[in-house]
Amino acid sequence: MRNENKMTMIKHHLTEELMIAYASGNLAESFSVAVATHISLCDQCRAALESYNAIGGALLEDTEGAALSSDALAKTMALIEQHPPEEKLQAAKASNVPAPLADYIGTDLDAIKWQPIGMGVKQSVLETTGAGSARLLYIPPGTAVPNHSHSGLELTLVLQGAFADETDYFSRGDIEVATSDVSHTPVAADGTSCICLAVTEAPLKFTGLLQKLMQPLLKI
Ligand SMILES: [Zn+2]
């Protein structure tokens, strides 16, 4: 039977290492945002994450309890009653921005404030603490991002449109996990502008002289 949904199916997933690090709370904020956003779009990785969380839960249940102060329960319940649940979730549902990312960039991809970084490509840096850096990239249809390799891990999650590089084709929800031995030139597909969330562990190593000179200005 032909599957009409095949075109929008996610083909590129998180690695086991990333999911275990996320489940155990060991990822820097920049990487956590990308992992959480992919999981919100991908049933397969969400199911895998639940099984890792179950391992954590089993470990917790086997842990000997440590007593809290006698009024801890009453204080917690009082705090819960003071703060009724917000309507934030509903707002995120009506948006083209997945919920984990909406806290950083708002709920509208069209309202992002971009900084041009040359050749029609634009970026918007996310405010995160800890190691790594996260940014949105806007790549016009048919345009290439300068060829670069990585000093560390780079995650690229597609939010709109699609791109292709030397390894494969990536569309909405797909996440590319590139290690330091990968050097690639992502090119946005024709039609729609491609918007990606890109997270890097260490500064990118651009191979062109101009990009090398510009790197300190772009803060990447
Ligand atoms: Zn996945």
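Everything that follows concerns the structure shown earlier in this document.
How each quantity is defined
- Residues numbered from 1 in each chain as written.
- Predicted model: local features only at pLDDT ≥ 70, side-chain atom pairs only at ≥ 80, totals over all residues.
- Heavy atoms only, no water.
- Pairing = 2+ DSSP bridges.
- Helix = DSSP H or I, 4+ residues; strand = E, 2+ residues; numbered from the N terminus.
- Axes fitted to C-alpha atoms, helices over the stretch in contact; angles between N-to-C directions.
- Parallel < 35°, antiparallel > 145°, perpendicular 65-115°, else oblique.
- Left-handed = near helix turned anticlockwise from the far one by under 90°.
- Contact = heavy atoms within 4.5 Å.

K.L.:
Can you explain the sheet that holds strand β7 (residues 169-171)? Please cite residues and give values.
P.N.:
Strand order in this open sheet of three strands is β7-β6-β10, and the pairing throughout is antiparallel. Every other strand in the sheet has two partners, leaving β7 and β10 (187-188) as the edge strands with one partner each. Bridging between strand β6 (residues 162-164) and β10 involves two bridges; their strand directions are antiparallel. In the strand pairing of β10, alanine 164 is matched with valine 187.

K.L.:
Just give me the short version of the packing of helix α2 (residues 29-41) against helix α3 (residues 43-62), but keep the residues and values in it.
P.N.:
The contact between α2 and α3 brings their axes to 6 Å, and the two run at 115°. Put simply, α2 runs roughly perpendicular to α3. Crossing geometry of α2 relative to α3 is assigned as left-handed. Packed against α2, whose contacting residues are His38, Ile39, Ser40 and Leu41, the element α3 presents Asp43, Cys45, Arg46 and Leu49 at the interface.

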